[in-house]
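Structure at a glance
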Number of protein chains: 2
Amino acid sequence: MRDAGPEEAIFSQRIIGIMRERFEIFGFSPLETPIVERWEVLSAKYAGGEDILKEAFRLKDQGDRDLGLRYDLTVPLARYVACNPNIKMPFKRYAIGRVYRDGPIKLGRYREFMQCDCDIIGADTAAADAQCVQLALSVFDALNMKVKVVINNVALLKLMLQKVGIPEDKLTDIMLSLDKLKKIGKEGVQKELKDKGLNPDAIENIIEVSGSEDRIQAIKSKYGDSPELERVSKVLELAKDARVEFDPSLSRGLSYYTGMVFEAFLVDSEITSSVAGGGRYDRMIGGFIGRPDDYPAVGISFGLAPIMDASEKEARRTVTDIFIIPIKTPVESNALVQELRSEGIRADTDLLERSISKNLDYANVQGMSFVVLLGENELKEGKYKLKDMGSGDEKLLTKTELIDFLKER
Amino acid sequence: MRDAGPEEAIFSQRIIGIMRERFEIFGFSPLETPIVERWEVLSAKYAGGEDILKEAFRLKDQGDRDLGLRYDLTVPLARYVACNPNIKMPFKRYAIGRVYRDGPIKLGRYREFMQCDCDIIGADTAAADAQCVQLALSVFDALNMKVKVVINNVALLKLMLQKVGIPEDKLTDIMLSLDKLKKIGKEGVQKELKDKGLNPDAIENIIEVSGSEDRIQAIKSKYGDSPELERVSKVLELAKDARVEFDPSLSRGLSYYTGMVFEAFLVDSEITSSVAGGGRYDRMIGGFIGRPDDYPAVGISFGLAPIMDASEKEARRTVTDIFIIPIKTPVESNALVQELRSEGIRADTDLLERSISKNLDYANVQGMSFVVLLGENELKEGKYKLKDMGSGDEKLLTKTELIDFLKER
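Here the structure is a predicted model, which is why all the values come from computation and not from measurement.

Quick look at the overall build of chain A now. Looking only at helices and strands, chain A has 17 helices and 16 strands in total. Taking 22 Å as the expected radius of gyration for a compact globule of 409 residues, we find that chain A reaches 27 Å, considerably beyond that expectation. With the principal axes as the frame, chain A shows a C-alpha extent of 90 × 60 × 40 Å. Summarising the internal contacts of chain A: among those between residues at least 6 apart in sequence, 66% fall at separations of at least 24.

Taken as a whole, chain A is organised into domain 1 (6–310) and domain 2 (322–408). Domain 1 of chain A and domain 2 of chain A are separated by 49 Å when their C-alpha centres are compared.

Rotating chain A by 180 degrees and moving it 0.0 Å along the rotation axis overlays it on chain B with an RMSD of 0.1 Å. Here the transformation between the copies is reduced to the relation of a two-fold axis. The position closest to the rotation axis in chain A is occupied by the C-alpha of A:Leu59, lying 2.7 Å away. Both copies present the same face, since 100% of the interface residues in chain A are matched by interface residues at the equivalent positions in chain B.

Residue and element names in this part refer to chain A. At the junction of Met 89 and Pro 90, the peptide bond is cis and its omega measures out at -5 degrees in the coordinates. With respect to the helices and strands, Pro 90 occurs in the loop between α4 (74–83) and β5 (91–100). The backbone of Asn 144 shows a phi angle near 65 degrees, a positive value even though the residue is not glycine. Looking at where Asn 144 falls in the secondary structure, it is placed in the loop between α5 (126–142) and β7 (147–153). Taking the relative accessible area as the measure of exposure, Asn 144 reaches 72% and is therefore exposed. For Asp 268, which is not a glycine, the phi torsion comes out positive at approximately 55 degrees. Since its relative accessible area comes to 70%, Asp 268 is described here as exposed.

Here the focus is helix α1 (residues 6–25) of chain A. Residues and elements named next belong to chain A. Taking 1.5 Å per residue, 20 residues should reach 28 Å; α1 reaches 28 Å between its end C-alpha atoms and fits that length. Buried residues dominate α1, accounting for 14 of its 20 residues. With its phi angle positive at about 85 degrees, Gly 27 sits one or two positions after the end of α1.

A separate point is helix α11 (residues 227–239) of chain B. All names here are of chain B. Its 13 residues give α11 an end-to-end C-alpha distance of 18 Å, which sits within 8% of 18 Å, the value for a rise of 1.5 Å per residue. The set of residues buried in α11 consists of Leu 229, Arg 231, Val 232, Val 235, Leu 238 and Ala 239. Once α11 ends, the next one or two residues include Lys 240, with phi positive near 45 degrees.

Another point: the interface of chain A and chain B. Contacts between the two partners involve 80 residues from chain A and, on the opposite side, 80 residues from chain B. If you sort the residues of chain A by the area they bury against chain B, A:Asp3, A:Glu32 and A:Leu351 come out on top, with a joint share of 11%. At the surface where chain A touches chain B, the tally comes to eight salt bridges. The shortest N-O distance in the salt bridge between A:Arg111 and B:Asp61 comes to 2.9 Å. Between chain A and chain B we count 38 residue pairs in polar contact (both at pLDDT 80 or more) in total.

Right, let's talk about empty space enclosed by the protein for a bit. All names here are of chain A. Enumeration over the complete set of coordinates arrives at three cavities of 30 Å³ or more. When its volume is computed, the second largest cavity comes out at roughly 40 Å³. Lining the second largest cavity are Leu 156, Leu 159, Met 160, Lys 163, Ile 219, Tyr 223, Gly 224, Asp 225 and Ser 226. Every element with two or more residues in the lining of the second largest cavity is listed here: α6 (154–163) and α10 (215–223).

Scored by pLDDT, chain A has a mean of 92; 99% of the residues are at 70 or more. Overall fold confidence for the complex sits at a pTM of 0.93, while the interface term, ipTM, reaches 0.91.

Mapped onto the elements, A:Asp129 comes out in helix α5. With residues up to four places along the chain from it excluded, the contact list for A:Asp129 reads A:Arg231, A:Val235, A:Met260, A:Phe262, A:Arg280 and A:Val298.

This paragraph deals with the pairing of β7(A). Residue and element names in this part refer to chain A. With respect to burial, β7 is a largely interior element, six of its seven residues being buried. In this structure, β7 lies alongside strand β8 (residues 244–246), joined through three bridges in parallel fashion. Paired with Val 149 across the two strands is Val 244, which belongs to β8.

Residue and element names in this part refer to chain B. One way to put it is that helix α5 (residues 126–142) packs onto α11 with a least axis distance of 9 Å and a crossing angle of 50 degrees. Classified by the angle between their axes, α5 and α11 sit oblique to one another. Crossing angle aside, the handedness with which α5 passes α11 is right-handed. Packed against α5, whose contacting residues are Ala 126, Ala 127, Asp 129, Ala 130, Val 133 and Gln 134, the element α11 presents Arg 231, Lys 234, Val 235, Leu 238 and Ala 239 at the interface. Of the residues in the contact of α5 with α11, the class split is seven nonpolar, one polar and three charged.

Within the open sheet, the eight strands sit side by side as β1-β5-β6-β11-β10-β9-β7-β8 (chain A). Their pairing is mixed. For this open sheet the edge positions go to β1 (29–30) and β8 of chain A, each flanked by a neighbour on one side alone.

Our focus in this paragraph is the packing of α6(A) against helix α11 (residues 227–239) of chain A. Between two packed helices, what matters for the description is the angle formed by their axes and the separation of those axes. All names here are of chain A. At their nearest, the axes of α6 and α11 sit 8 Å apart, and the two run at 140 degrees to each other. Crossing of α6 against α11: the hand is left-handed. Residues Ala 155, Leu 156 and Leu 159 of α6 lie in contact with α11, whose contacting residues are Glu 228, Leu 229 and Val 232. Residue composition of the contact of α6 with α11, by class: five nonpolar, no polar and one charged.

Following the sequence through the fold, A:Ser226 ends up in the loop between α10 and α11. With residues up to four places along the chain from it excluded, the contact list for A:Ser226 reads A:Leu156 and A:Leu159.

All names here are of chain B. Enumeration according to the criterion identifies 16 aromatic pairs over all chains in this entry. Centre to centre, the rings of Tyr 80 and Phe 91 are 6.0 Å apart; their planes meet at 25 degrees, and the pair counts as stacked. Highlighted residues: Tyr 80 in helix α4 (residues 74–83) and Phe 91 in strand β5 (residues 91–100), separated in sequence by eleven residues. For the pair Tyr 80 and Phe 91, a shared accessibility class is recorded, and that class is buried. For the ring pair Phe 140 and Phe 302, a centre distance of 5.8 Å and an interplane angle of 45 degrees mean the geometry is tilted. In this pair, Phe 140 is assigned in helix α5 and Phe 302 in strand β11 (residues 297–302), connecting sequence segments 162 residues apart. On the basis of relative accessibility, which here comes to 0%, the residue Phe 140 falls in the buried class.

Quick notes on the rules
Residues numbered from 1 in each chain as written. Chains lettered and ligands numbered in written order. Predicted model: local features only at pLDDT ≥ 70, side-chain atom pairs only at ≥ 80, totals over all residues. Heavy atoms only, no water. Helix = DSSP H or I, 4+ residues; strand = E, 2+ residues; numbered from the N terminus. Rg over C-alpha atoms; globule rule 2.2 N^0.38 Å. Contact = heavy atoms within 4.5 Å. Domains from an automatic or database assignment. Least-squares fit on C-alpha atoms with pLDDT ≥ 70 in both. Buried < 20%, exposed > 50% of the residue type's maximum accessible area, 1.4 Å probe, protein only. Expected span 1.5 Å × (residues − 1). Buried area = accessible area lost by both parts, 1.4 Å probe. Salt bridge = Lys/Arg side-chain N within 4 Å of Asp/Glu carboxyl O. Polar contact = N/O pair within 3.5 Å; in protein donor to acceptor, adjacent residues only side chain to side chain. 1 Å grid on protein atoms, 1.4 Å probe; cavity = no way out; pocket = protein on both sides within 12 Å on 5 of 7 lines; lining within 4 Å. Points joined across faces, edges and corners; volume = space filled by probe spheres on them. pLDDT = per-residue confidence, 0-100. Pairing = 2+ DSSP bridges. Axes fitted to C-alpha atoms, helices over the stretch in contact; angles between N-to-C directions. Parallel < 35°, antiparallel > 145°, perpendicular 65-115°, else oblique. Left-handed = near helix turned anticlockwise from the far one by under 90°. Nonpolar A, V, L, I, M, F, W, Y, C, P; charged D, E, K, R; others polar. Phe/Tyr/Trp six-rings, centres within 6.5 Å; stacked < 30°, edge-to-face > 60°.

Here it is in structure tokens:
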């Protein structure tokens, strides 16, 4: 686990702020759940599964209760829905919070990390699926990042695999391998299937329809029409955006997906892993209370870490925009700062009675945008010399002009 | 520990947003530290002390390392400063985050709760003290809450207690009792001192000067002038606000305070406990690295729970402002919602193909402000009937007028 110093925290706060705004514009409301959950919730049958549970931090309270740190935001959501039967459906919630995995650390993977999830509970419709896709496009628009969103229906994929003769109990295994198509290529997937003792040619047909120009048509003629294929068409129609691409080989690996799945990738970027992903998991939430058919759900999760990696960094160690440097005017400088603050401007001044050059150095190292040197002359004439710390430009402004200029930025 | 459902989370997010904005306007930058800390940090000599450590959650990772959940945001700040010797001083940081205490739960006290802290490290000046006071006033102004801020200098209080003959080793004990003056009155404090085996009259003089009109003058004439008293005068002068009140009996109980202390109380409110508090703790941060003289520090902490209790609740279960109810127009309704969203309006529509009355009921129960019923007629004529769910008022608007109206709100 690691600290996010001001430089990183300012940056991540900005991105989280943009996401939060978009989530709310799309009608998702915040839900906050504790970081510590009862172990029986984290280890429930419909929860994250064995592999994830192995990486869960476990602890006890003074009452000897078995507890653990949440490893995702979906299990607490399921518990919340299960415990609050009066929630009106559809229930649209977002959560932006820290989760914990006690696994081996790698570059860019930490034991404490942020998840940013939006989910719609209680709506088993193409409109709900499409909304997740539209949300993703809107978030990345707001972040000024070019993406494509790949979608598929895992129920359709299962149907196709069954039609080429894959038995029910091998489906998940095949889909796990197929999920690596982008990463390891057709030969890689075939080798992996062979190693697993499965027929490597089983996926030939899937890859073939994935490569065709009109994939909907290719599937229709090869496998016939189906409600599963119709769902894909409907989501494409509702989302109505050229950046949305149907790829019948996408499976997202996780066994709890039951319908549409989506994954967002950056376009023209060195980052090839997905920056957001999600899908429909109709049986998990209800499964928690023994009613797996009652809570259809679809959601999308945004990866803060890859989004931060792909965004342009700002080298600011402080939020402060303007620093007033007193030249023997501590009281007047403090008063000016207070006036700027009351106008909503992020302003600060010397707290240590330091020299002008030390204060200039401080403002510079911290990455502040502007300084004003405030001496007797400035006060007498009512003119303030504003220095742009980036360009070095200076301009002489009245107080009103100074406030207007800073507010406009 | 408990969930904050949408109703509460929307409300707390709004308050946190206001605080964050004020913190940044005052030049405090965010610092984020992990919730899990090494046990040796949490239990260090200069950390929270034995009582608090008894309530700390403890756990181990797979590498058998001793860990714990943070019980405040100050210890992680101290560790961060100690580990990052290149930080420029003064270092002004805020942190808004969850902390954990495995103690007995009471009404309004939970095992997981939020702390909202601002601290200034590396500035042992009245200007830094005054800034914390000014920040408090500004935050409560922004929250639209009437407060007074009581200030004192615990070094001055100690000086006065010593002058009336209290021995050094009894000072903390006396101050702990004196801290309850508001709650249990003069007699209560005297009884408590007696029970502790201390002279109940020892505080008579302190209470006397606290009651006088000009307290600075009363102390000056009774105890003489001192740098400690001058510091109080200077902070009062810098903060320059009639809501700031000097009370020589305020001690805030905690043994780590070394100078100015502050506490904010609501005026004309049923809530009598403080809504913010803090002070100067010059020896703690440096103490972590064996250099207790090198890191003067002053800070203020805002109580999210009492602030929420004292604020007017909004009964909204959703962030959504406007709900478009389709009358056989699902595609057009979706398109209108997307258009509103692209204008930054928090809009939503039916995802379940429900009837008009069910959709109206949903919008009503969720607390949405407006609905538009969108049928063929509305589309043909380009006029939308906007219904105010609060007042029941309806108005007929063009799409442009609708957008302008919603954006203006």
